[in-house]
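Architecture and fold: a report
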Amino acid sequence: MRNARINSIVLGLAAAVVLGGCTTTDPGAGAAVQKREFGRMPDGTPIYEFTLKNSKGAEARIINYGGIITAVRVPDKQGKMGDVVLGYDNLEGYLKETPYFGALIGRYGNRIGNAKFSLNGKEYKLAANDGPNTLHGGIKGFDKVVWTPKVMATLTGTALELTYLSKDGEEGFPGNLNVRAVYSFGEDNAIKLVYTATTDQDTVLNLTQHSYFNLKGSGDILDHVVMIPADTFTPVDSTLIPTGELKPVEGTPFDFRTPTPIGARINQADEQLRIGKGYDHNWVINKKSGLTLMARVQEPTTGRILEVFSTDPGLQFYSGNFLDGKITGKGGWAYQFRNGFCMEPQHFPDSPNKPSFPSVVLKPGQNYNHTIIYRFSVK
Ligand code: GLA
């Protein structure tokens, strides 16, 4: 582990040297990483898009604004490549209002109730940006900051490292937090995300990824067949804050233990579906420890399959209920109601205020670690 890390640092330095001012490089055994300017921030700071491509021609694109995954091109059962994530063609789109398309979410994925929490007897007030609550890190979360990029060669190929120092007090959270996110795209058509972080004060942390998927590449996602290995989920109140209960999925539209199309029960008369306007809930994954399969999604016409793995205990499955056709994204597609779905591996929402939920506290000297894999295949 330690050796692998040292190797990846050494190779990373070599790759950085090779990169220089060029737009394309091949720093080692892996496929090429292409780099191009994607746009400029209002203050002129250039933002780059990095394309991680494997030898089969499949690729994932990432920008260093918001750690956003802008495109994922993978084959269907006929071998035809297609983009399976929602987003914009240019930076302006992401700088305007975006429902977190493809973004790296922090410091806290999902909601913290009443925009506050207490830690070690001290109350911290956060920025409220979702009614009374804090959503996805606050007004200017990690999805809206510029990250420092570095292309690295690893033992298994190439990777993009993004780093960011979140200062003590940012959006109300305590502690200077050093965050590192490493994105890689393998020969197995899998995007691997490794998030690590350290702090100089006790704080809370819950990093995740907010890609909206549509495995067909058009239309709604109601035909996608979902499997989530979870016996319980965390029901929410009218502001989407968990009540604290772990509710059995048995006999409810939340039971995805057997693969079921998203649309099969989404319009049932169910109080939780009414509150969420569909699925917008955290499933408590049946897991032991380590990297676990959190969800498997299959789209019948294209045969594309997405499998989600993570080291965290929960999964927010969101069925794109806030999309309403007002956003026109890539290639002129106006994203309508439920044209994309998110699978966000995470700690449970509002954990800082729910002592019964797994802890999200990070202390000085500890290493935060969350790995997410989105693996694509066909059947
Ligand atoms: C998450 C939340 C949803 C919504 C989306 C973004 O999935 O749980 O309620 O905020 O992000 O629109």
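The notes below deal with the structure included here. (Residues numbered from 1 in each chain as written. Predicted model: local features only at pLDDT ≥ 70, side-chain atom pairs only at ≥ 80, totals over all residues. Heavy atoms only, no water.)

Turning to the overall build of the protein, a few remarks are in order. When helices and strands are tallied, the protein shows three helices and 31 strands. Expected size for 379 residues packed as a compact globule is a radius of gyration near 21 Å; at 20 Å, the protein falls within 12% of this value. Per-residue burial for the protein yields a buried fraction of 56% across its 379 residues. Carbon and sulfur atoms provide 53% of the accessible area of the protein, an area that totals close to 15200 Å². The average position of the 40 basic charges and that of the 37 acidic charges among the side chains of the protein differ by 3 Å. (Helix = DSSP H or I, 4+ residues; strand = E, 2+ residues; numbered from the N terminus. Rg over C-alpha atoms; globule rule 2.2 N^0.38 Å. Buried < 20%, exposed > 50% of the residue type's maximum accessible area, 1.4 Å probe, protein only. Areas by Shrake-Rupley, 256 points an atom, 1.4 Å probe, with all protein chains shown as cover. Lys, Arg positive; Asp, Glu negative; His and termini not counted. Charge placed at Lys NZ, Arg CZ, Asp CG, Glu CD.)

For the rest of this paragraph, the subject is the nonpolar core. Counting 60 residues, the largest nonpolar core has Tyr183, Ile228, Trp283, Phe317 and Phe376 as its most contacted members. When residues no more than four places from it in sequence are discounted, the contact partners of Phe317 are Val226, Ile228, Phe256, Ile262, Tyr279, Asp280, His281, Trp283, Phe341, Cys342 and Met343. (Core = buried A, V, L, I, M, F, W, Y, C linked by side-chain atoms within 4.5 Å. Contact = heavy atoms within 4.5 Å.)

Two strands in a sheet stick together by hydrogen bonds in their backbones, pointing the same way (parallel) or opposite ways (antiparallel). Strands sit in the order 18-29-26-23-20-21 across an open sheet of six strands; the sheet is antiparallel. In this open sheet, the two edge strands, each paired with only one partner strand, are strand 18 (212–213) and strand 21 (247–248). With two bridges connecting them, strand 20 (residues 230–234) and strand 21 associate as antiparallel partners. Following the sheet pairing, Thr232 is matched in strand 21 by Pro248. (Pairing = 2+ DSSP bridges.)

What follows is about the environment of Trp333. With respect to the helices and strands, the residue Trp333 is situated in the loop between strand 27 (327–328) and strand 28 (334–335). Here the alpha-carbon distance between Trp333 and Ser218, two residues 115 residues apart in the chain, equals 8.1 Å. Sequence-distant contacts of Trp333, defined by excluding residues within four places in its chain, comprise Leu86, Asn214, Gly217, Ser218, Gly219, Ile327, Thr328 and Asn339. Within the structure, the side chain of Trp333 is placed 3.2 Å from the side chain of Asn339, a separation counted as a polar contact. (Polar contact = N/O pair within 3.5 Å; in protein donor to acceptor, adjacent residues only side chain to side chain.)

On to the side chain of Gln272. Structurally, Gln272 is set in helix 3 (residues 271–276). In contact with Gln272, not counting residues within four places along its chain, are Phe233, Pro235, Val236, Phe254, Gly278 and His281.

What follows covers the site of the ligand. Surveying the vicinity of the ligand reveals 13 residues, the closest of which are Asn110, Arg111, His136, His210 and Asp280. Protein contacts shield 95% of the accessible area of the ligand, which totals 310 Å² for the unbound molecule. Across the shell around the ligand, the residue classes tally to six nonpolar, four polar and three charged. (Near = heavy atom within 4 Å. Nonpolar A, V, L, I, M, F, W, Y, C, P; charged D, E, K, R; others polar.)

Next up on the list: the pairing of strand 20. The element strand 20 is largely enclosed, with a buried count of four among its five residues. Pairing of strand 20 with strand 23 (residues 280–285), which is carried by four bridges, proceeds in the antiparallel orientation. The residue of strand 23 that forms the bridge with Ala230 is Ile285.

Here the focus is the pattern of salt bridges. In the structure shown here, the tally under the stated rule is 20 salt bridges. For Arg61, the salt bridge goes to Glu49, with nearest N and O atoms at 3.2 Å. Of the two residues, Arg61 sits in strand 4 (residues 59–63) while Glu49 sits in strand 3 (residues 46–53), which places them twelve residues apart along the sequence. On the basis of relative accessibility, which here comes to 3%, the residue Glu49 falls in the buried class. Lys326 is the salt-bridge partner of Asp324, the closest N and O atoms lying 3.4 Å from each other. The network of salt bridges with shared partners includes Arg36, Glu49, Lys53, Glu59 and Arg61. (Salt bridge = Lys/Arg side-chain N within 4 Å of Asp/Glu carboxyl O.)

Going through the model one piece at a time under the given rule, you end up with 27 aromatic pairs. Here the aromatic rings of Phe233 and Trp283 are separated by 6.3 Å at their centres, their planes lie at 35°, and the arrangement is tilted. Here Trp283 lies in strand 23 and Phe233 lies in strand 20, a separation of 50 residues in the sequence. When sorted by exposure, Phe233 lands in the same class as Trp283, which is buried. Within the aromatic cluster, the residues linked to one another by ring pairs are Phe38, Tyr88, Tyr94, Phe101, Tyr212, Tyr318, Phe322, Trp333 and Tyr335. Directly above the ring of Tyr48 sits Lys35, whose terminal nitrogen or CZ lies 4.4 Å from the centroid. (Phe/Tyr/Trp six-rings, centres within 6.5 Å; stacked < 30°, edge-to-face > 60°. Lys NZ or Arg CZ within 6 Å of the ring centre and 35° of its normal.)

Another point: the sheet that holds strand 15 (residues 190–199). Read across the open sheet, the nine strands follow the order 12-13-14-15-31-25-24-19-22; overall the sheet is antiparallel. In this open sheet, the two edge strands, each paired with only one partner strand, are strand 12 (148–154) and strand 22 (260–261). Across seven bridges, the pairing between strand 12 and strand 13 (residues 157–166) is antiparallel. When the sheet's bridge partners are listed, Ala153 is paired in strand 13 with Thr158.

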